[in-house]
Amino acid sequence: MKKIFFVIATILLLSSCANMNSNVSHNNQKSQKIATLKYEMARNIIAHKDFVRLADAFSYLNDAIKINPNDPRFYYTMALAYKLRNNDKQYVIYLNKAIEKDKNYFDAFNALGIYYYSKKFYTRAIDMFTKLTNNPLYHNADVAFFNRSRVYLTQNKIEEAENDLESALMFSNYKNKIYWQNLISLQISQKEYYIALKNLFQMERTLRPSCYTHYYKALCYERLSLFDQAKDELKKISNDNLDYLVLKRRLLKEIEKEQMQTK
């Protein structure tokens, strides 16, 4: 009989512990849901730039951090809240806190890079973007290469900027029009007209012919004194596009002037 009592008591004890663990787990899940809810409420306020309720956003985020101090999203969103308050010091502090919690919190690296660039801390900006380009887990490498190219251009590091723009294009599968335009504009500014023409043709194959490609092909031909080819490209520009129509007429006048001078 004693043996049976012991077995029953042991079962009751184990059952009691299981219930305790279940309650702890349930309470923890509830707390995590509350933290996530407060984070979402704060993020909504910040996304809509609701300055009237910005104090509420800080309160929600502080509550969320108290519940879960290891979630990098809470610190990153707190940084954005401080950005709305124009508090750069706290903005940087909380971006770094997000990175401390997650070494692969890419949004924080990108935000720091953009911030350092805006403050003319170019070496720091390059360091942030380089950490992203070197991280195989980062799926938006094209953005980091493009952003770093902006910094190199500001420093007049033309070769580095051009290489980064080419990398940005490659990682975007050659589908991003902005990357194409920046690379081509840079090459034209450096008088690399043949290279720019090659890229313009490739841009047309990858995307499609446009007023942009026709005009800049014409411009490259004009700079190379290939006036007939330039005129052929200008003819392809629709007269419905007023912006390019102005550029088209201006370039035609320049071509006519140059042809008169060569006669």
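Structure's up top.
Residues numbered from 1 in each chain as written. Predicted model: local features only at pLDDT ≥ 70, side-chain atom pairs only at ≥ 80, totals over all residues. Heavy atoms only, no water.

**Q** Would you take a moment to explain unusual backbone geometry for this structure?
**A** Negative phi values dominate among residues other than glycine, just as trans dominates among peptide bonds. Here the phi dihedral of Lys49 falls at roughly 50°; this positive angle occurs in a residue that is not glycine. As for its position among the elements, Lys49 is in the loop between helix H1 (2-47) and helix H2 (54-67). Look at Lys49 and you get exposed, because its relative accessible area is 54%. Even without a glycine there, the phi angle at Asn86 is positive, about 60°. (Helix = DSSP H or I, 4+ residues; strand = E, 2+ residues; numbered from the N terminus. Buried < 20%, exposed > 50% of the residue type's maximum accessible area, 1.4 Å probe, protein only.)

**Q** Explanation requested: helix H9 (residues 177-189) in the structure shown.
**A** Within an α-helix, residues lying three or four positions from one another point in the same direction, as the helix has 3.6 residues per turn. Here H9 is 13 residues long and its end C-alpha atoms lie 18 Å apart, about the 18 Å a rise of 1.5 Å per residue gives. Residues Tyr179, Trp180, Leu183, Ile184, Leu186, Gln187 and Ile188 constitute the buried set of H9. Buried residues belonging to H9 abut helix H7 (141-154), helix H8 (158-171), helix H10 (193-206) and helix H11 (211-223). With a side-chain oxygen positioned 2.9 Å from the backbone nitrogen of Ile178, the residue opening H9 is Asn176. Lys191 lies just past H9 and shows a positive phi near 60°. (Expected span 1.5 Å × (residues − 1). Contact = heavy atoms within 4.5 Å. Polar contact = N/O pair within 3.5 Å; in protein donor to acceptor, adjacent residues only side chain to side chain.)

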